[in-house]
Amino acid sequence: QVQLVESGGGLVQSGGSLRLSCVASGSIFGINAMGWYRQAPGKQRELVARVFSGDTTNYLDSVKGRFTISRDNAKNMVYLQMNSLNPEDTAAYYCNAVAQSSRNGGYLVHWGQGTQVTVSS
């Protein structure tokens, strides 16, 4: 069992910054990708940023140049530095990890419970 716990959300004015953190704990043999998704009211959940074990990253087009994802493999943590926030970034942000719980186990997708980011205009 793998647990993900996010922190760092909150209320910020347009143009401001926030840093989200997520720690993975539990039975972890290996983690492939870690990332952040978001879901605004009435909209589908979308990938914001993702980092793979080889440090390859993917970003949603609308956050490129503003958000930076990073990962600390030793601590099983992933971070999302969000700069130049705007009201369209308002959403619940969810941590995601593709992790293996044992040497012979498969990689499964795990989710955190989410942290709210609200950007006021």
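Below is a short write-up of the structure.

The next subject is the packing of aromatic side chains. Summed over all chains, the structure comprises one aromatic pair. Between Y37 and W111, the aromatic rings sit 4.9 Å apart at their centres with planes inclined by 70°, giving edge-to-face as the arrangement. Of this pair, Y37 sits in strand β4 (residues 30–39) while W111 sits in strand β10 (residues 107–111), and the two are 74 residues apart along the sequence. Among the residues examined, Y37 registers a relative accessible area of 17% and is labelled buried. Looking at R19, its charged tip hangs above the ring of Y79, at a distance of 4.2 Å from the centre. Of note, R45 hangs over the ring of W111, and the distance from its end group to the ring centre comes to 4.7 Å.

With that out of the way, let us pick up the pairing of strand β5 (residues 46–51). The pairing of β4 with β5 spans five bridges and is antiparallel. Bridge assignment links Y37 to a residue of β5, and that residue is L47. Counting the residues in the hairpin turn of β4 and β5 gives six residues, including G42, whose phi is positive at 80°. As judged from the three bridges shared by β5 and strand β6 (residues 57–59), these two strands associate in the antiparallel manner. Within β6, the position partnered with V51 by the bridge is T57. Joining the antiparallel neighbours β5 and β6 is a turn of five residues, in which D55 adopts a positive phi near 75°.

Time to look at the state of the cysteines. As used here, a disulfide is simply a covalent bond connecting the sulfur atoms of two cysteines. This model, assessed by the stated rule, comprises one disulfide. Each disulfide pairs two cysteine sulfurs, and for C22 the partner residue is C95, the sulfurs being separated by 2.0 Å. With the S-S bond torsion at -85°, the cross-link from C22 to C95 turns out left-handed. Placement of C22 in strand β3 (residues 18–26) and of C95 in strand β9 (residues 91–100) is noted, with a sequence separation of 73 residues between them. For C22, a relative accessible area of 1% translates into the label buried. On the basis of relative accessible area, C95 is assigned to the buried category, the value being 0%.

Basis of the calculations
- Residues numbered from 1 in each chain as written.
- Predicted model: local features only at pLDDT ≥ 70, side-chain atom pairs only at ≥ 80, totals over all residues.
- Heavy atoms only, no water.
- Phe/Tyr/Trp six-rings, centres within 6.5 Å; stacked < 30°, edge-to-face > 60°.
- Helix = DSSP H or I, 4+ residues; strand = E, 2+ residues; numbered from the N terminus.
- Buried < 20%, exposed > 50% of the residue type's maximum accessible area, 1.4 Å probe, protein only.
- Lys NZ or Arg CZ within 6 Å of the ring centre and 35° of its normal.
- Pairing = 2+ DSSP bridges.
- Disulfide = S-S within 2.5 Å.

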